[in-house]
Amino acid sequence: MTLHLKKAELHCHIEGAAPPSLALTQAEKYGIDTDGFIREGVYVWNDFTSFIACYDAVASVFRTAEDYALLAETYLMDLAAANTIYSELFISPDHGEAVGLPALDYIEGLAAGIRLAKEKTGIECRMIIVGERHLGPENVVSRAKFAAKLDHPLVTGFNMAGEERMGRVADYAPAFDIVREAGLGITIHAGELCGAFSVADALEIVRPTRIGHGVRAIEEPDLVKRLADLGTVLEVCPGSNIALKVFPDYDSHPLREFVNAGVRVTLNSDDPPFFHTSLAQEYETASRAMGFTDEEINAMTRTAIEAAFVDEETRKVLLAQLEPAPMARE
Ligand SMILES: Nc1ncnc2[nH]cnc12
Ligand SMILES: [Zn+2]
């Protein structure tokens, strides 16, 4: 059992965290037909392309700042109930804008939900702005410019997600130069749909402290060593990888190999209800299906806090929460 373990998450897409029950309520509120993307209470998709289409459809039922506040609060309350002390949420203002919600309202809505969850449970959360790769380099650069100018206390990083098979990392390099200059934390989806070359590109061109997934680096032993030497943190999402058929099963998942090679790894849920998982489930899977001990899993949680895009004072407070409680005196 891993319920008692403290948890932290660096890689979860906010619209991808919407429970189908909440998406259905939202759809009803706006009179949106969900037959094309929710069936029998389950999100409908069968490969990465249809997953992204389903994700976009789910996102479209959140239309106001209040809707996004409810979504963030709902997810964070759930995480907190599973003993989670820290969460980083990937947010994509492009999804808000697609339904006419201005980016600043989208962010303020999410921030309101984050503050409410913190008041109720103490859970700490930061937002990472995502540029969607399949919207093209021009769009990702303009999203990076937006992120660089924003100066919001809860927005601390930039990421590129979406269709990894579109273009090469170099096409998107200017976006990362902009956010690096602005002092934002940088992470990038790489080595999920594409092979080791994509992780190598990311390391060379983007120089991120973290990589979203990165798991297909396992195809290139020299690259695994490079990740270990650089101390780059992988945001590993085993349940997502199995659901999207990046690996056929947990026995073939390389998480153990990365740990053995000294690569810094963390556990994450990615888009939990889409992949029939949760952060709590990912911890449980690491323990039961992948054979990690509580100590090894706690080390992953500590790595997440060490790699979190937070100020040093917040990091110190979070790290202190991972220390075992002192023994009571006789
Ligand atoms: N697993 C994933 N990979 C790339 N982009 C995403 N957006 C939401 N989930 C994603
Ligand atoms: Zn992701």
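Reading guide: rules and limits
Residues numbered from 1 in each chain as written. Chains lettered and ligands numbered in written order. Predicted model: local features only at pLDDT ≥ 70, side-chain atom pairs only at ≥ 80, totals over all residues. Heavy atoms only, no water. Helix = DSSP H or I, 4+ residues; strand = E, 2+ residues; numbered from the N terminus. Rg over C-alpha atoms; globule rule 2.2 N^0.38 Å. Buried < 20%, exposed > 50% of the residue type's maximum accessible area, 1.4 Å probe, protein only. Contact = heavy atoms within 4.5 Å. Areas by Shrake-Rupley, 256 points an atom, 1.4 Å probe, with all protein chains shown as cover. Lys, Arg positive; Asp, Glu negative; His and termini not counted. Charge placed at Lys NZ, Arg CZ, Asp CG, Glu CD. Donors = N, O, S within 2.8 Å, 3.2 Å for Na, K, Ca; no water. Tetrahedral: all angles 85-135°; square planar, octahedral: opposite > 155°, others 65-115°. UniProt positions renumbered as here; feature names shortened; annotations may be inferred. Disulfide = S-S within 2.5 Å. Pairing = 2+ DSSP bridges. Axes fitted to C-alpha atoms, helices over the stretch in contact; angles between N-to-C directions. Expected span 1.5 Å × (residues − 1). Salt bridge = Lys/Arg side-chain N within 4 Å of Asp/Glu carboxyl O. Left-handed = near helix turned anticlockwise from the far one by under 90°. Nonpolar A, V, L, I, M, F, W, Y, C, P; charged D, E, K, R; others polar. Right-handed = clockwise from strand over helix to strand, strands pointing away.

### Side note on the overall build of the chain
Alright, step 1. The number of helices and strands found in the chain is 14 helices and 10 strands.
Alright, step 2. A compact globule built from 330 residues should have a C-alpha radius of gyration of about 20 Å, and the chain, at 19 Å, falls within 12% of that.
Alright, step 3. Reported as C-alpha extents along the three principal axes, the dimensions of the chain are approximately 55 × 55 × 40 Å.
Alright, step 4. Counting only residues that meet the buried cut, the chain has 58% of its 330 residues in that class.
Alright, step 5. Contacts in the chain between residues far apart in sequence, at least 24 positions, make up 74% of those at least 6 positions apart.
Alright, step 6. Carbon together with sulfur atoms contributes 53% to the accessible area of the chain, which is approximately 13,700 Å² in total.
Alright, step 7. Side-chain charges of the chain comprise 29 positive and 51 negative groups, with the mean position of each set lying 4 Å from the other.

### What about the coordination of the zinc ion (ligand 2)?
Alright, step 1. Within the protein, the atoms that donate to the zinc ion (ligand 2) are His11 (NE2), His13 (NE2), His189 (NE2) and Asp270 (OD), at distances of 2.1 to 2.3 Å.
Alright, step 2. Coordination at the zinc ion (ligand 2) is irregular: its four donor atoms span angles of 87 to 170° at the metal.
Alright, step 3. Taken in sequence order, the residues that donate to the zinc ion (ligand 2) follow the motif H-x1-H-x175-H-x80-D. Linking His189 in strand 7 (residues 185-190) with Asp270 in the loop between strand 10 (264-267) and helix 12 (279-288), this pair joins segments that are 81 residues apart in sequence. Note on accessibility: His189 and Asp270 belong to one class, buried.

### A closer look at the UniProt feature "binding site: substrate" (unreviewed entry) in the chain
Alright, step 1. Under the present numbering, the feature "binding site: substrate" (unreviewed entry) in UniProt falls on Asp271.
Alright, step 2. Checked against the element boundaries, Asp271 lands in the loop between strand 10 and helix 12.
Alright, step 3. Each residue touching Asp271, except ones within four places of it in the same chain, is listed here: His13, Gly16, Phe51 and Tyr55.

### Notes on the state of the cysteines
Alright, step 1. Enumeration according to the criterion identifies zero disulfides in this entry.
Alright, step 2. Here Cys12 is not cross-linked by a disulfide; its sulfur's nearest cysteine counterpart is in Cys237, at 8.9 Å.
Alright, step 3. Not part of a disulfide, Cys54 finds its nearest cysteine sulfur in Cys12, a span of 15 Å.

### Quick look at the sheet that holds strand 7
Alright, step 1. The strand order across the open sheet formed by eight strands is 1-4-5-6-7-8-9-10, and the pairing between neighbours is parallel. Every other strand in the sheet has two partners, leaving strand 1 (7-13) and strand 10 as the edge strands with one partner each. Taking the axes of each pair of neighbouring strands and ignoring which way they run, one obtains an average angle of 25° across the sheet.
Alright, step 2. Inspection of the sheet shows strand 4 (residues 84-91) paired to strand 5 (residues 124-132) by six bridges, in the parallel sense.

### A few points about helix 13 (residues 294-307)
Alright, step 1. Relative to the 20 Å expected for 14 residues at 1.5 Å per residue, helix 13 spans 20 Å between its end C-alpha atoms, a close match to the ideal helical length.
Alright, step 2. Those residues of helix 13 not exposed but buried are Ile297, Met300, Thr301, Thr303, Ala304, Ile305 and Ala307.

### Some words on the pattern of salt bridges
It is possible for side chains bearing opposite charge to pair when their charged atoms get close.
Alright, step 1. Applying the stated criterion across every chain, the model contains 20 salt bridges.
Alright, step 2. A salt bridge links Arg210 to Glu88; the shortest N-O distance between them is 2.7 Å. Of this pair, Arg210 sits in strand 8 (residues 210-213) while Glu88 sits in strand 4, placing them 122 residues apart in sequence.
Alright, step 3. When its relative accessible area of 0% is taken as the criterion, Glu88 is described as buried.
Alright, step 4. Three or more residues are tied together by salt bridges with common partners; here these are Lys118, Glu124, Arg126 and Asp311.

### A few points about the packing of helix 8 (residues 196-206) against helix 9 (residues 221-230)
Alright, step 1. Between helix 8 and helix 9, the least distance of the axes is 11 Å, while the angle of their chain directions is 30°. Here helix 8 and helix 9 pass one another in a crossing that is left-handed. Contacts between helix 8 and helix 9 involve Ala196, Val199, Ala200 and Leu203 on the former and, on the latter, Leu223, Arg226, Leu227 and Leu230.
Alright, step 2. The residue inventory of the contact of helix 8 with helix 9, partitioned by class, reads seven nonpolar, no polar and one charged.

### Let's talk about the pairing of strand 8
Alright, step 1. Alignment of strand 7 against strand 8, held across four bridges, turns out to be parallel. Considered in strand 8, the bridge of Ala190 is made with His213.
Alright, step 2. Handedness of the strand 7-helix 8-strand 8 crossover: right-handed.
Alright, step 3. Tracing the backbone out of strand 8, into helix 9 and back to the parallel element strand 9 (residues 233-236) gives a crossover that is right-handed.

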